[in-house]
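# Analysis of the macromolecular model
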Amino acid sequence: KQFGPVTAVDRMTLRVARGEFYSFLGPSGCGKTTTLRMIAGFEQPTEGTILLDGQPVAGVPPYRRNVNTVFQHYALFPHMDVAQNVGYGLRQKGIKKEEERKRVADSLDLVRLAGYGGRRTWEMSGGQQQRVALARALINHPTVLLLDEPLGALDRKLRHEMQLELKDLQKRVGITFIYVTHDQEEAMTMSDVIVVLKDGLIQQQGSPTELYQAPVNRFVADFIGTSNFVEGRIVGHGGGQAEVETATGLRLSGVVTDPSASPVNGDPVTIAIRPERFRVEAGGGGEAAQRADGLVRVPGRVSQGTYLGDQTEYRVATDHVGELIIRRQNETGEAAARTFGPGEPVVVSWNEEATLVLVS
């Protein structure tokens, strides 16, 4: 999809399976909402074909596609009560009043708003208004439900509750959901498949587990969760593994995350390690970096510790791999681990199986 000289969506090939929860994830301007609008019919692709349930929909107006959209701002009619809002699409189709009443009641029950039909929407909470918008979108039994950052206006706690409700609702109705968000936690919580976009291009698609454990490039590793990055060059490879030498001369072995990559010795690469894969223990200040039996140990000094409730996050300065972000679960009683203050010498260790080699 092009807007003048700007290519908003570029060379996208995507197959969305029936009955699954897909999320388009990426920063502002990456093409996710434009893609959603093309599926809905609000925009037409400059090139290419969109098929809905196997049928091409080029030129078919939005109201003739069996697709409904839920937006961040719910677009509810303030002069109508809840039942009138939910049944609006049925009235536009000329459905008889008795049938409308039954289907409205069923839709409100589906979103746990049974008995709310006579309420005014402006009397309801943000979460309740979101449910009304969902009931209105689902009442016509669309083939695909499109959701464009629908939880963005809610507070954090309510947003998390609605994420779980949306996922449960999608499983109960069995309708394909395509969800647009820039919030990686939101996408991880709800999705069967996440499609990560950048500059109009798909960077990677897969389950939340696949994207977190095997990101194919630095952008995905940085956008899905938090990673520590170390630059280096390949000095050996084979069997999906690569040996990497960092600028400080430290050699590390790790898994090449992109199965299509063909690494060559001398190629620059980035190593990624997730914060929870580290262990940290007290150090004496005179240790040297070690690598033996698949375990890497590097000395460092704590620069900051932040208590996060269930976790403590440490920032540790090292000479060999730069500053590391380390997250450790907090425990109580005898199992409680020792805490470290700023300036304390420590030794950071990790298993090399946690080392991800990002070729691109």
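As a starting point, this report considers the structure included with it. (Residues numbered from 1 in each chain as written. Predicted model: local features only at pLDDT ≥ 70, side-chain atom pairs only at ≥ 80, totals over all residues. Heavy atoms only, no water.)

### Focus on helix 1 (residues 32-40)
A large share of helix 1 lies buried, amounting to 7 of its 9 residues. Listed in full, the buried residues belonging to helix 1 are Lys-32, Thr-34, Thr-35, Leu-36, Met-38, Ile-39 and Ala-40. Where helix 1 terminates, the next one or two residues include Gly-41, which has phi positive at roughly 100 degrees. (Buried < 20%, exposed > 50% of the residue type's maximum accessible area, 1.4 Å probe, protein only. Helix = DSSP H or I, 4+ residues; strand = E, 2+ residues; numbered from the N terminus.)

### Quick notes on the side chain of Arg-131
Its place among the elements puts Arg-131 in helix 5 (residues 126-138). Not counting residues within four places of it along the chain, the set of residues in contact with Arg-131 comprises Val-111, Leu-113, Met-162 and Glu-165. (Contact = heavy atoms within 4.5 Å.)

### Comments concerning the sheet that holds strand 10 (residues 201-206)
Across the sheet, 6 strands lie side by side as 6-7-8-3-9-10; this open sheet has mixed pairing. Because the sheet does not close on itself, it has two edges, and the strands there are strand 6 (67-71) and strand 10. Neighbouring strand axes in the sheet, compared pairwise and without regard to direction, differ in orientation by 20 degrees on average. The sheet contact formed by strand 6 and strand 7 (residues 144-148) spans 5 bridges and is parallel. Within strand 7, the residue paired with Phe-71 across the bridge is Asp-148. Together, strand 6, strand 7 and strand 8 (176-181) form the strand contacts of helix 5, whose direction differs from that of strand 6 by roughly 170 degrees. (Pairing = 2+ DSSP bridges. Axes fitted to C-alpha atoms, helices over the stretch in contact; angles between N-to-C directions.)

### Observations regarding the sheet that holds strand 12 (residues 241-246)
With mixed pairing, 5 strands are arranged side by side around a closed barrel as 11-12-13-21-14. Sheet twist, expressed as the mean angle between neighbouring strand axes with direction ignored, is 55 degrees. In this structure, strand 12 lies alongside strand 13 (residues 251-256), joined through 5 bridges in antiparallel fashion. Bridge pairing links Gln-241 to Val-255 in strand 13.

### Quick look at the nonpolar core
Ranked by internal contacts, the top residues of the largest apolar core, which has 29 residues, are Val-86, Leu-134, Leu-145, Leu-147, Leu-166 and Phe-177. Counting residues per element, the ones that place at least two in this core are helix 2 (82-86), helix 4 (97-110), helix 5, strand 7, helix 6 (156-173) and strand 8. If one sorts the elements of this core by residue count, helix 5 sits on top with 6 residues. Look past the residues within four positions of Leu-134 in its chain and what remains in contact with it is Val-70, Val-111, Leu-145, Leu-147, Met-162, Leu-166 and Leu-169. (Core = buried A, V, L, I, M, F, W, Y, C linked by side-chain atoms within 4.5 Å.)

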